[in-house]
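Structure at a glance
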Amino acid sequence: MDYAILCNPGHNRVYFETSLRLSVSEFAIAAQALSARCGDVRRQNLCGIDYLTFQTQDELSRADIMLLSSLSFTYALFQLESMHTCLKPVELQKENFVDESMSAILKYTGKTNELFTRMMINIALCSQGSREGIRLLDPIAGKGTTLYEGYAWGFDVYGIEIGESVVNESAHFTKKFLETARYKFDYAPMKISGPNKSFSALRHTFHAARTKEEFKGKRTKTMEFIAGNALYANKFYPKNFFDILVGDLPYGVQHGNVTREGQSSLTRNPAELLRACLPAWRDVLKPGGAAVLAWNSHVLPREQMERIFMENGFLVKKEAAYLQFEHRVDQSILRDIVAAQKEE
């Protein structure tokens, strides 16, 4: 059977062309989890419109359609009939906890494209197998795009960001969003500190439900921001707590990497941040859990990035599809993605 996916036009103009190329790699990674066997995956222009097309031996199951519906580039799914002259719509299957607009509302300089973020989450999910009861950590959360994307899917999401004012803004936005959408929720800010005040942080925790009945039954989803240093991730959270870790490392252009509280000098190279923080991030990731990070390969070659992960007990994904994500963002940023699993 032949199928075609119409790519999401929500990508900005610069990123749209890149997204068409990246969609093939994202699909190839996700296709490993489909019950229907896929082949002949390619970009195809039909009547002037670009689609990602593929063939299957059997009809897609509902679970298959749900997985394809979650892909970052999927806007519409069609079954191709009559020698590709007829496109029969296939209804997408999505069960969002909050509206996907949550990640798109905030606009600011240096924001990671929310659809690119969705792609990284997909890669992490497909790299570790499970899609149920997911706990997601973004240890370099910024204003929370990764958390908002994960929350839309109904994950429990947690983020660490060293800038207290940024975290306060994110917590305020989350509160207003949940209030406007009429969710039932509780919110608790709490100061935390290490032994002998070795570190300090402020934790903002939300527990939300779509209905009063779900809230009373404690069928809630957690969103948490910590204003603190990601170096202490294993002090903030228990060992083996998270299923996936997803983040966009600072590029050293709009933002610098900060690895020490009160640090005055910023580095363009994410290697310093990773060497300092990756041991703690590994501690809080479950055995077999997946970490997916984007970074600027202009300042850190892929070989060095992979070496840092392997030195810290990760198995780096090196299948062909995982090595096709490098793309130009602007003159100073050549963005790539690394995916790795914590050794069991």
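For clarity, every value in this text was computed on a predicted model and none was experimentally measured.

**So, the overall build of the chain**
Assigned secondary structure in the chain consists of 9 helices and 15 strands. The C-alpha radius of gyration of the chain comes to 20 Å, within 12% of the 20 Å expected for a compact globule of 344 residues. With respect to the three principal axes, the spread of C-alpha positions in the chain is 70 × 50 × 40 Å. Across the 344 residues of the chain, 54% fall into the buried class. Carbon and sulfur atoms provide 49% of the accessible area of the chain, an area that totals close to 15,700 Å².

**Points about the confidence of the model for the chain**
Residues of the chain with pLDDT of at least 70 account for 92%, and the chain-wide mean is 89. A low-confidence stretch, residues 254–266 stays under pLDDT 50, and its non-local contacts, those more than four residues away or across chains, total 33 contacts.

**Here we look at the packing of aromatic side chains**
In the structure shown here, the tally under the stated rule is 20 aromatic pairs. Ring centres of Phe-199 and Tyr-232 lie 4.7 Å apart, and the angle between their planes is 20°; on these two criteria the pair is classed as stacked. A residue pair is termed long-range when its members are at least 10 positions apart, and Phe-199 in the loop between strand 8 (184–193) and strand 9 (200–209) and Tyr-232 in the loop between strand 10 (221–227) and helix 7 (233–236) qualify at 33 residues. The residues Phe-199 and Tyr-232 share a single accessibility class, namely buried. Aromatic rings pair up to connect Tyr-148, Phe-173, Phe-177 and Phe-225 into one cluster. The residue whose ring lies beneath Lys-143 is Tyr-108, and the NZ or CZ to ring-centre distance is 4.6 Å. The ring of Tyr-237 carries Arg-203 above its face, with NZ or CZ at 5.6 Å from the centroid.

**Observations concerning the layout of surface pockets**
Taking a probe equal in size to a water molecule and rolling it over the atoms shows the remaining empty space. Put simply, the second largest pocket is a space of about 720 Å³. Every residue lining the second largest pocket is counted, 26 residues in all, and those nearest its centre are Met-66, Glu-95, Arg-131, Glu-132 and Trp-153. Each residue belonging to the lining of the second largest pocket can be placed in one class, and the counts come to 9 nonpolar, 6 polar and 11 charged.

**A word on the pairing of strand 7 (residues 156–161)**
Of all the 6 residues making up strand 7, 6 are buried; the element is thus mostly covered by neighbouring parts of the structure. Of the two faces of strand 7, the one holding Asp-156, Tyr-158 and Ile-160 and the one holding Val-157, Gly-159 and Glu-161 are both buried throughout. Note that strand 6 (residues 135–138) and strand 7 share 4 bridges and pair parallel. Its bridge partner lying in strand 7, Arg-135 is registered against Asp-156. Traced from strand 6 through helix 4 (residues 145–152) to strand 7, the parallel crossover comes out right-handed. As defined by bridge partners, strand 7 adjoins strand 10 across 5 bridges and the pair is classed as parallel. Its bridge partner lying in strand 10, Tyr-158 is registered against Glu-224.

**Examining unusual backbone geometry**
Positioned with a positive phi, Arg-182 is a non-glycine residue whose angle comes to about 60°. Among the structural elements, Arg-182 can be located in the loop between helix 5 (164–180) and strand 8. Residue classification places Arg-182 among the exposed residues on the basis of a relative accessible area of 71%. One non-glycine residue, Asn-240, lies in positive phi territory at about 60°. Mapped onto the fold, Asn-240 is located in the loop between helix 7 and strand 11 (242–248). By relative accessible area, which is 31% here, Asn-240 ends up partly exposed.

**Thoughts on the nonpolar core**
Counting residues in hydrophobic clusters, the biggest one holds 44 residues, and the most contacted among them are Ile-123, Tyr-151, Met-223 and Ile-337. Of the residues forming this core, the biggest block, 7 residues, is contributed by helix 3 (residues 114–128). Look past the residues within four positions of Tyr-151 in its chain and what remains in contact with it is Phe-97, Val-98, Met-102, Val-157, Leu-178, Ala-208, Lys-221, Thr-222 and Met-223. Of all hydrophobic cores here, the second largest spans 37 residues; its members include Leu-137, Phe-236, Phe-242 and Ala-291.

Analysis parameters
Each chain has its residues counted from 1, running along the sequence as written. In view of the model being predicted, local features appear only for residues whose pLDDT reaches at least 70, and side-chain atom pairs are presented and counted only at 80 or more, with totals across whole chains, interfaces and linings using the full set of residues. Values reported for side chains reflect all heavy atoms of the structure, with hydrogen atoms and water molecules removed beforehand. What counts as a helix is a DSSP run of H or I of at least four residues, what counts as a strand is a run of E of at least two, and both are numbered from the N terminus. With the radius of gyration taken over C-alpha atoms, the globule rule is written as 2.2 Å times the number of residues to the power 0.38. Only protein chains enter the calculation, and the probe is 1.4 Å; a residue is then buried if its accessible area is under 20% of its type maximum, exposed if over 50%, and partly exposed in between. Residue exposure ignores everything except the shown protein chains as possible cover, and the areas themselves are Shrake-Rupley values with a 1.4 Å probe. As a per-residue measure, pLDDT reflects the predictor's confidence and takes values from 0 up to 100. Any two residues whose heavy atoms approach within 4.5 Å are treated as being in contact. Two rings belonging to Phe, Tyr or Trp (six-membered ring only in the last case) form a pair when the distance between their centres is within 6.5 Å. Interplanar angles under 30 degrees mark stacking, angles over 60 mark edge-to-face geometry, and anything in between is tilted. The rule for a charge over a ring is simple: NZ of Lys or CZ of Arg within 6 Å of the ring centre, and within 35 degrees of the ring normal. Here a cavity is any set of points on a 1 Å grid over the protein atoms alone where a 1.4 Å probe fits but cannot get out, and a pocket is any open set with protein on both sides within 12 Å along at least 5 of 7 lines; a residue lines the site when it has an atom within 4 Å of a point. Grid points are joined across faces, edges and corners, and a volume is the space filled by probe spheres set on the points. Residues are grouped as follows: nonpolar covers Ala, Val, Leu, Ile, Met, Phe, Trp, Tyr, Cys and Pro; charged covers Asp, Glu, Lys and Arg; every other residue, Gly included, is treated as polar. Whether two strands pair depends on DSSP finding at least two bridges between them. Seen with the strands pointing away from the viewer, any crossover whose path from the first strand over the helix to the second strand runs clockwise is right-handed. Nonpolar cores are built from buried Ala, Val, Leu, Ile, Met, Phe, Trp, Tyr and Cys residues. Side-chain atoms within 4.5 Å join them into one set.

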